[in-house]
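# Close look at the chain arrangement
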Amino acid sequence: MTLPDPSPSVAAPSRVLVVSDMYAKDGWGGAGESIHRQVAALRAEGVDPTVIRPRARLHRNFGSSGGFAAMPSRVDDGTLVIDAPHWNLPVRLAAGATATLVTRAVRQAMKRESPAPIGVIHAYRLYPNGIAATALARQLGVPVVVTALGSDVHTHPRRLPKVGALVRQVLREADRLVAVSEDLAAQMTELAAPRHPVEVVYNGVDEGRFFPASDVSSSRRSLGLPEAGVGVCFLGRLVPTKGLPELMAAYGRVAPSAVGQSWLAVIGDGPMAPEVAAWAAGTEQRVIAPGAVPHAEVATWLRASDILVLPSHNEGLPNVILEAMACGLAVLATSVGGIPEAVIDGETGLLCPVGDVDALARGLTELIVDEPRRKAMGERATSRARSQFGWKRSAEALVRLYGQITGGSTRVNRGDA
């Protein structure tokens, strides 16, 4: 489980077909935005990516997702993006049928657009995209790379046996497997024996957008935040698995003097939003709940803060951690998934066990009251983010991997799957 040498020495294929239902440049961040950024970085390295994006015609609750006809192809920042609409069935009841429908939709999109020649197919998420990509690759006679992102390894295969069986199939059949953290790579190997060691290719952070604040007060004024006090920021989906119940309990146990000189912004949307809003309303403005914010505003929220807190129960390697580090924040997070690969406990932040409210409260108190240590951690975090987690480095690692599995040659196929 090693990170490929970021300096490509083998020529990569000129065209790569990316299969991702999450690919998005919608301004709201998350995994979709990360995939978009990685594809853009690949293009900057001389790869010509085409994206096929499976799109469900029905949501899980059988409500319409807005249209049943094939959606038109579009060019997004120079990348051809092909929507592949498909029927969507409840995964718990029909995991295999859903995978088959996605595979059929990807094949039809390939025929419709013929984005040939291609040298490699690269899917993001083991299920269902990995199933579709491996099937298409076998027909076209090209190698396939599948990247696991997190929940497709540590959650869904373990909760849904039928999905687990299909995930194991991809793990055994893909030419190469990629994980976004060492921890995730180890979990993949535990699920099934892959044909080759799992490669670790970290996501990156946009240094042109995420950098330390030159004037924190200005960032706070622009968001209507208190200009005084230590700013603590949570950014993520408002669900229990992000550790929100523990965070709410822990902030109530922070030393009164520390609470008095701090404020906490809980940013995001999800099932716990009403509970968070009600809690914030009773804290005399020490807790702020603005809801979800566009990704373009995330950097401003981070630069207005001093600490990022993320007490998740499980993770791959969340990009918000890397973005916060790049902005010079000390990070307080749980020691799960790939987080310890980014956050060095005691140096760039503090790590605590999952579900340990007391440890979370102690960490918050320590970082709030110890300004010199907090600032030193933030400075070291910025340095680490810049040296280890750049999109260029990420793309170079993939380019090298593509070149290795193709022998540096582009295979010509005409989309006749």
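Look up: the structure comes first, before these words.
The following refers to the structure shown. (Residues numbered from 1 in each chain as written. Predicted model: local features only at pLDDT ≥ 70, side-chain atom pairs only at ≥ 80, totals over all residues. Heavy atoms only, no water.)

## Comments concerning the overall build of the protein chain
- Looking only at helices and strands, one finds 17 helices and 14 strands in the protein chain.
- Among the 417 residues that make up the protein chain, the fraction classed as buried is 55%.
- Counted over contacts in the protein chain with a minimum sequence separation of 6, partners at least 24 positions apart contribute 71%.
- Element-wise, carbon and sulfur atoms account for 50% of the exposed surface of the protein chain, whose accessible area totals about 16300 Å². (Helix = DSSP H or I, 4+ residues; strand = E, 2+ residues; numbered from the N terminus. Buried < 20%, exposed > 50% of the residue type's maximum accessible area, 1.4 Å probe, protein only. Contact = heavy atoms within 4.5 Å. Areas by Shrake-Rupley, 256 points an atom, 1.4 Å probe, with all protein chains shown as cover.)

## Here we look at the pattern of salt bridges
- Evaluated as defined, the whole model comprises 15 salt bridges.
- Across the pair D206 and R37 runs a salt bridge, and its minimum N-O distance is 3.7 Å. Here D206 is found in the loop between β8 (199-200) and α8 (216-223), whereas its partner R37 is found in helix α1 (residues 30-44), with 169 residues between them in sequence.
- You can call D206 partly exposed: its relative accessible area is 21%.
- As a salt-bridge pair, D175 and R195 come within 3.5 Å of each other at their nearest N and O atoms. Of this pair, D175 sits in the loop between α6 (161-173) and β7 (176-179) while R195 sits in the loop between α7 (182-191) and β8, and the two are 20 residues apart along the sequence.
- Residues participating in the shared-partner salt-bridge network are E45, K392 and E396. (Salt bridge = Lys/Arg side-chain N within 4 Å of Asp/Glu carboxyl O.)

## Things to note about the side chain of N319
- Within the secondary structure layout, N319 lies in helix α13 (residues 319-326).
- Within the structure, N319 has its side chain in polar contact with the side chain of N203 (distance 3.4 Å).
- Polar side-chain contacts of N319 include one of 3.0 Å to the backbone oxygen of G204.
- If we skip the residues at most four places from it in the chain, N319 touches S34, N203, G204 and W391. (Polar contact = N/O pair within 3.5 Å; in protein donor to acceptor, adjacent residues only side chain to side chain.)

## Comments concerning the environment of V343
- If you trace the backbone, V343 turns up in the loop between α14 (339-342) and β14 (349-352).
- Relative accessible area serves as the criterion here: at 0%, V343 is assigned to the buried category.
- Considering only alpha carbons, one finds V343 and A330, 13 residues apart in sequence, at a separation of 9.0 Å.
- In this view, V343 contacts I321, M325, V331, T348, G349, L350 and L351; residues no more than four positions away in its chain are not counted.

## Some details on the packing of aromatic side chains
- Summed over the entire model, instances satisfying the criterion amount to 1 aromatic pair.
- An angle of 70° between the planes, with centres 5.2 Å apart, marks the rings of Y202 and F389 as edge-to-face. Here Y202, found in the loop between β8 and α8, pairs with F389, found in the loop between α16 (371-388) and α17 (391-406); they are 187 residues apart in sequence, far enough to count as distant.
- Under the relative-accessibility criterion, F389 is labelled buried at 1%.
- Of note, R303 hangs over the ring of F211, and the distance from its end group to the ring centre comes to 4.2 Å. (Phe/Tyr/Trp six-rings, centres within 6.5 Å; stacked < 30°, edge-to-face > 60°. Lys NZ or Arg CZ within 6 Å of the ring centre and 35° of its normal.)

## A short note on the environment of F234
- With respect to the helices and strands, F234 occurs in strand β9 (residues 230-235).
- On the basis of relative accessible area, F234 is assigned to the buried category, the value being 0%.
- Counting along the chain gives 30 residues from F234 to L264, while the straight-line C-alpha distance between them is 7.6 Å.
- Setting aside residues up to four positions removed in sequence, F234 forms contacts with K242, L244, L247, L264, A265, V266, I267, V309, L310 and P311.

## Remarks on the pairing of strand β6 (residues 144-148)
- Buried residues dominate β6, accounting for 5 of its 5 residues.
- In terms of strand pairing, strand β5 (residues 120-124) meets β6 through 4 bridges, oriented parallel. Among the inter-strand pairings, Y124 is bridged to a residue of β6, identified as T147.
- Taken together, β5, helix α3 (residues 126-140) and β6 form a β-α-β motif whose crossover is right-handed. (Pairing = 2+ DSSP bridges. Right-handed = clockwise from strand over helix to strand, strands pointing away.)

## Remarks on α16
- The first and last C-alpha atoms of α16 sit 26 Å apart over 18 residues, in line with the 26 Å expected at 1.5 Å per residue.
- For α16, the set of buried residues is R374, M377, G378, A381, T382 and A385. Considered in projection along α16, the buried side chains sweep an arc of 140° and stay on one side of the axis. Relative to its buried face, α16 has exposed residues pointing more than 90 degrees away, namely P372 and E379. (Expected span 1.5 Å × (residues − 1). Arc of directions from axis to C-beta.)

## Details of the nonpolar core
- In terms of nonpolar packing, the biggest core is built from 114 residues, with I121, L126, L264, V266, L302 and I321 touching the most fellow members.
- Looking at this core, the element that brings in the most residues is α3, giving 8 residues.
- Leaving out residues up to four positions away in the same chain, L264 has contacts with V232, C233, F234, L247, Y251, W279, R286, V287, I288 and V309.
- Formed by 23 residues, the second largest nonpolar core is a distinct cluster that contains V18, V120, Y124 and A397. (Core = buried A, V, L, I, M, F, W, Y, C linked by side-chain atoms within 4.5 Å.)

## Section: the sheet that holds β5
- Read from one edge to the other, the open sheet built from 8 strands follows the order β3-β4-β2-β1-β5-β6-β7-β8, with strand pairing classed as mixed. This sheet does not close on itself; its edge strands, each paired only once, are β3 (74-76) and β8.
- Bridging between strand β1 (residues 15-19) and strand β2 (residues 48-56) involves 5 bridges; their strand directions are parallel. Residue pairing in the sheet places V19 in a bridge with I52 of β2.

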